[in-house]
Every structure is written in structure tokens, then in C-alpha cells.
Amino acid sequence: MAAFTRKDTLDRIVALIAQELKVDPERVNEEVTFQELGADSLDMVQIIMKLEELFGVEINDQDAEKMATLHDVVDYVHERRTL
């Protein structure tokens, strides 16, 4: 099984979020909130679905609701991606 770095996970998530929200990837940093990027609840559902597909992980609704920043998402996905 391949070892994944947190930076790889971060880079892939930044690219996905920038594309989905149509924002400059430079605006997408670990401290930014999805609200600051202009994401609404439909955007978040789409992002979660794409993350699940991209990384082969399952993100339950309770956990998704707790994800306010990119840091939260990267930590969550990376932890499950490396299990």
C-alpha cells in the first residue's frame, strides 16, 4: 500500500476546492473557512461527495458538519486515507 503524505492530501484537496468553488487556489489555505470562500450547503455536499470519490473514504454527515476549515478536512481525510 502506498504511503501518502499530508502535503499530497492537502494539495489534492486545495485543487478540488478551488475548482468546485471557482476560486484562486492561492485563497485556499488551511485556516480559511468554507464560508469565507463563499461555499453554501449545496457546495459542501458536492465537495464531500467529490472527496469521498477522490480519496476512497466515507465521510458521515455528523463529521462533515464539524468541518469548518480546510485544516479540518485535510486532517480528517488524511487520517482515513492512511489507515
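Quick note: structure is the one above.
As the structure is a computational prediction, the values presented were derived from the model and not from experiment. Positions within a chain are numbered from 1, following the residues in the order the chain's sequence is written. Side-chain atom pairs in this predicted model are given and counted only at pLDDT of 80 or more, local residue features only at pLDDT of at least 70, and totals for whole chains, interfaces and linings cover all residues. Hydrogens and water are ignored here; the side-chain numbers use all heavy atoms of the structure.

### A few points about the pattern of salt bridges
- The working definition used for a salt bridge is a side-chain nitrogen of Lys or Arg within 4 Å of a carboxyl oxygen of Asp or Glu. As enumerated under the stated definition, the model contains six salt bridges in all.
- A salt bridge links E20 to K50, with the shortest nitrogen-to-oxygen separation between them at 3.1 Å. One end of the pair, E20, is in helix α1 (residues 6-21); the other, K50, is in helix α2 (residues 41-55), with 30 residues separating them in the sequence.
- R80 is the salt-bridge partner of E79, the closest N and O atoms lying 3.6 Å from each other.
- E79 gets classed as partly exposed once you look at its relative accessible area, which sits at 49%. The secondary structure listing takes helices from DSSP runs of H or I that are at least 4 residues long and strands from runs of E that are at least 2 residues long, numbered from the N terminus. Working definition: with a 1.4 Å probe on protein chains only, accessible area under 20% of the residue-type maximum means buried, over 50% means exposed, and in between means partly exposed.

### Regarding the environment of V77
- Mapping V77 onto the fold places it in helix α4 (residues 70-81).
- Residue classification places V77 among the buried residues on the basis of a relative accessible area of 0%.
- Considering only alpha carbons, one finds V77 and T9, 68 residues apart in sequence, at a separation of 7.6 Å.
- The criterion used for residue contact is that any of the two residues' heavy atoms lie within 4.5 Å. Contact partners of V77, with chain neighbours within four places excluded, come to T9, I13, F55 and I59.

### Side note on the nonpolar core
- Ranked by internal contacts, the top residues of the largest apolar core, which has 27 residues, are I13, I17, V28, L51, I59 and L70.
- Mapped by element, the contributors of at least two residues to this core are α1, α2 and α4.
- Sorting elements by how many residues they give to this core places α1 first, with seven residues. Each nonpolar core is a collection of buried residues, namely Ala, Val, Leu, Ile, Met, Phe, Trp, Tyr and Cys, held together in the definition by side-chain atoms within 4.5 Å.

### Describing unusual backbone geometry
- Positive phi values are uncommon outside glycine, yet K22 reaches one of about 55 degrees.
- Following the sequence through the fold, K22 ends up in the loop between α1 and α2.

### Here we look at a nonpolar patch on the surface
- A contiguous nonpolar patch, built from L42, V45 and M49 and spanning about 300 Å² of accessible area, is present on the exposed surface.
- Locating M49 in the fold gives a position in helix α2. Nonpolar side chains (Val, Leu, Ile, Met, Phe, Trp, Tyr) are joined into patches within 5 Å and like charges within 9 Å, using only residues with over 30% relative accessible area and no salt bridge. Only the protein chains shown count as cover for residues, and all accessible areas are computed by the Shrake-Rupley method using a 1.4 Å probe.

### What to know about the packing of aromatic side chains
- Two rings from Phe, Tyr or Trp (for Trp, the six-membered ring) form a pair when their centres are within 6.5 Å of each other. A pair whose planes differ by under 30 degrees is stacked, one over 60 is edge-to-face, and the rest are tilted. For the structure on display, the rule yields zero aromatic pairs.
- Look at NZ for Lys and CZ for Arg. If either is within 6 Å of the ring centre and within 35 degrees of the ring normal, a charge sits over the ring. Here the basic side chain of R80 rests over the ring of Y76, its NZ or CZ set 3.6 Å away from the ring centre.
- One Lys or Arg, R81, reaches over the ring of F4 and ends 3.8 Å from the middle of that ring.

### Details of the side chain of R81
- Of note, R81 is situated in helix α4.
- What qualifies as a polar contact is a pair of N or O atoms within 3.5 Å, subject to a donor-acceptor requirement within protein and to the restriction that residues adjacent in sequence count only when both atoms come from side chains. Here D8 takes part through its side chain, which lies 2.8 Å from a polar atom of the side chain of R81.

### Section: α4
- Helix span is expected to be 1.5 Å times the residue number reduced by one. For α4, spanning twelve residues, the distance from its first C-alpha to its last is 16 Å, which sits close to the expected 16 Å at 1.5 Å a residue.
- Within α4, the full set of buried residues consists of L70, V73, V74, Y76, V77, H78 and R81.
- Tucked inside the fold, the buried residues of α4 contact α1, α2 and α3 (61-66).

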